[in-house]
Amino acid sequence: MVIERGNTKHGPAHDEELAHELDGTIKGNRSSRAEEWRDPEPPADDDPDTRTR
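Asker: Summarise helix α1 (residues 12–27); cite the residues concerned and give the values.
Answerer: For α1, with 16 residues, the first-to-last C-alpha span of 22 Å sits near the 22 Å given by 1.5 Å per residue. If you look at α1, its biggest bend is around 35°, right at Glu-21. Across the 16 residues that make up α1, only a small minority, 1, are buried.

Listed below in structure tokens is the structure:
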């Protein structure tokens with residue numbers, strides 16, 4: 001059984017390295033933006049809740 005990879009630009013070792021580099025950004029509990037003005041605005045109090053289906 002051959003598993004089709006979605007990324008063919010680089011090998012699995014480089015994929016793992018990239019995933020490791022992004023791990024802190026993805027799991028961090030803060031913004032990853034250098035400029036504060038690039039951060040998305042938080043939802044307003046009267047916005048509908050989009051987290052639930």
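Asker: Report on the pattern of salt bridges, specifying residues and quantitative values.
Answerer: As enumerated under the stated definition, the model contains 2 salt bridges in all. As a salt-bridge pair, Lys-27 and Asp-23 come within 3.5 Å of each other at their nearest N and O atoms. Placement of the pair is Lys-27 and Asp-23 together in helix α1, with a separation of 4 residues, close to one helical turn. Its relative accessible area of 65% is what places Lys-27 among the exposed residues.

Definitions and cut-offs
- Residues numbered from 1 in each chain as written.
- Predicted model: local features only at pLDDT ≥ 70, side-chain atom pairs only at ≥ 80, totals over all residues.
- Heavy atoms only, no water.
- Helix = DSSP H or I, 4+ residues; strand = E, 2+ residues; numbered from the N terminus.
- Expected span 1.5 Å × (residues − 1).
- Bend = angle between axes of the 7 residues up to and from the residue.
- Buried < 20%, exposed > 50% of the residue type's maximum accessible area, 1.4 Å probe, protein only.
- Salt bridge = Lys/Arg side-chain N within 4 Å of Asp/Glu carboxyl O.

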